[in-house]
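Next come the chains, spelled out residue by residue.
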Amino acid sequence: MNNLKVLIVDDDENICNLLRLYLEKEGFSTVLAFDGGQAVELFEKEKPDMVLLDIMLPVLDGWQVCREIRKTSDCPLIMLTAKGETFDKVLGLELGADDYIVKPFETKEVIARVRAVLRRSAPVEVAEVKEVHFDNLDINLSNYELKVKGVPVSTPPKELELLYHLASNPNVMFTRDQLLDEVWGFDYCGESRTIDVHIKRIREKIDGASDKWELSTVWARGYKFVTHE
């Protein structure tokens, strides 16, 4: 993962410089932005491999920056926030953030989260073809492509991985904690509410495509991909 570029966005220069110090020590290159407008400009110019994005920013706040980035890119993005309310975390995930870290944080935790998100977002490097096909639904995890009714649908990596995991085990119920473990990995430090957010986003893309299958909620337990014979 060395030589990957991280865009650090925070109006606190001390935090930016601290993160830059630790990331560069780990072999990453860094670009710093101190307001939301500058962040959008540098993202387009520098094309980073990862974004660390504070929420409370001048010019454009973190929510707005995230929206702008997600209009054109699925670049891995971790939000930094001093707020611990569930609303803030869920909103970030709904806007397309890959993870969030609540301030104050340990720098080692940030490094671990960066590496974990990059691992999850990396293309599959094995020859094995991972794909499943259903009526009007094609999920290919080898090239990270989702097609609904034959039309490619832009889908962030974790959404596709979650859908693939469920669809490749049809009619099997998974709890939220199982999905966190099996899709996000043991090193993910988030909460089970993350699953609900991603399921909602997946449904927006695939619901109504066919009556031969559905992404079903098992009340108070979890989710499963149901096929109808």
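Residues numbered from 1 in each chain as written. Predicted model: local features only at pLDDT ≥ 70, side-chain atom pairs only at ≥ 80, totals over all residues. Heavy atoms only, no water.

Asker: Pulling in residues and values, what's your account of the nonpolar core?
Answerer: Counting 26 residues, the largest nonpolar core has Leu137, Ile139, Leu146, Leu162, Leu166 and Ile206 as its most contacted members. At the level of elements, strand 7 (137-140), strand 8 (145-148), helix 6 (157-167), helix 7 (176-184), helix 8 (193-206), strand 11 (213-218) and strand 12 (222-227) are the ones that each hand at least two residues to this core. When residues of this core are assigned to their parent elements, the largest contribution, 6 residues, is made by helix 6. Among residues more than four places away in sequence, those in contact with Leu137 are Val132, Leu146, Lys147, Val148, Ile206, Trp213 and Phe225. Counting residues in each nonpolar core, the second largest holds 22 residues, with Val40, Val65, Cys75 and Ala97 among its members. (Core = buried A, V, L, I, M, F, W, Y, C linked by side-chain atoms within 4.5 Å. Buried < 20%, exposed > 50% of the residue type's maximum accessible area, 1.4 Å probe, protein only. Helix = DSSP H or I, 4+ residues; strand = E, 2+ residues; numbered from the N terminus. Contact = heavy atoms within 4.5 Å.)

Asker: Lay out the sheet that holds strand 3 (residues 50-54) in plain terms, naming residues and giving numbers.
Answerer: Pairing is parallel across the open sheet formed by 5 strands, whose spatial order is 2-1-3-4-5. The strands lining the two open edges of the sheet, one partner per strand, are strand 2 (29-33) and strand 5 (99-102). Taking the axes of each pair of neighbouring strands and ignoring which way they run, one obtains an average angle of 20 degrees across the sheet. Helix 2 (residues 36-46) contacts strand 1 (5-9), strand 2 and strand 3 of the sheet and is inclined by roughly 150 degrees relative to strand 2. Packing against the sheet, helix 3 (residues 62-70) makes contact with strand 3 and strand 4 (77-81), and its axis sits at approximately 175 degrees to strand 4. (Pairing = 2+ DSSP bridges. Axes fitted to C-alpha atoms, helices over the stretch in contact; angles between N-to-C directions.)

Asker: So what's going on with the packing of helix 7 against helix 8? Which residues, and what values?
Answerer: The description of two helices packed together rests on the angle between their axes and the distance between the axes. Packing of helix 7 against helix 8 brings their axes to within 9 Å, and their N-to-C directions diverge by 80 degrees. It follows from the interaxial angle that helix 7 and helix 8 lie roughly perpendicular. Seen from helix 7, the contacting residues are Arg176, Leu179, Leu180 and Trp184; seen from helix 8, they are Thr194, Ile195, Asp196 and His198. Its residues assigned to classes, the contact of helix 7 with helix 8 shows 4 nonpolar, 2 polar and 2 charged. (Parallel < 35°, antiparallel > 145°, perpendicular 65-115°, else oblique. Nonpolar A, V, L, I, M, F, W, Y, C, P; charged D, E, K, R; others polar.)

Asker: Please set out the environment of Cys75 residue by residue, giving values where relevant.
Answerer: Along the chain, Cys75 falls in the loop between helix 3 and strand 4. In this structure the C-alpha to C-alpha distance between Cys75 and Pro156, which are 81 residues apart in sequence, comes to 8.7 Å. Ignoring sequence-local partners within four residues, the contact set of Cys75 consists of Phe43, Pro48, Asp49, Met50, Val51, Arg70 and Asp98.

Asker: Describe the packing of helix 2 against helix 3, with residues and values.
Answerer: Interaxial distance between helix 2 and helix 3 falls to 9 Å at its minimum, and their mutual angle equals 20 degrees. With respect to helix 3, the axis of helix 2 lies roughly parallel. Helix 3 is crossed by helix 2, and the crossing has right-handed handedness. Contacts between helix 2 and helix 3 involve Gly36, Ala39, Val40 and Phe43 from the first element and Val65, Glu68 and Ile69 from the second. In the contact of helix 2 with helix 3, the residues fall into 5 nonpolar, 1 polar and 1 charged. (Left-handed = near helix turned anticlockwise from the far one by under 90°.)

Asker: Please give an account of the sheet that holds strand 6 (residues 131-134) that cites residues and values.
Answerer: Pairing within the open sheet is antiparallel, and its 4 strands lie in the order 6-7-8-9. With one partner strand each, in any of the chains shown, strand 6 and strand 9 (151-152) form the two edges of the open sheet. Of the strands in this sheet, strand 6, strand 7 and strand 8 are in contact with helix 6, which crosses strand 7 at around 110 degrees.

Nothing here speaks to function; it is all geometry.
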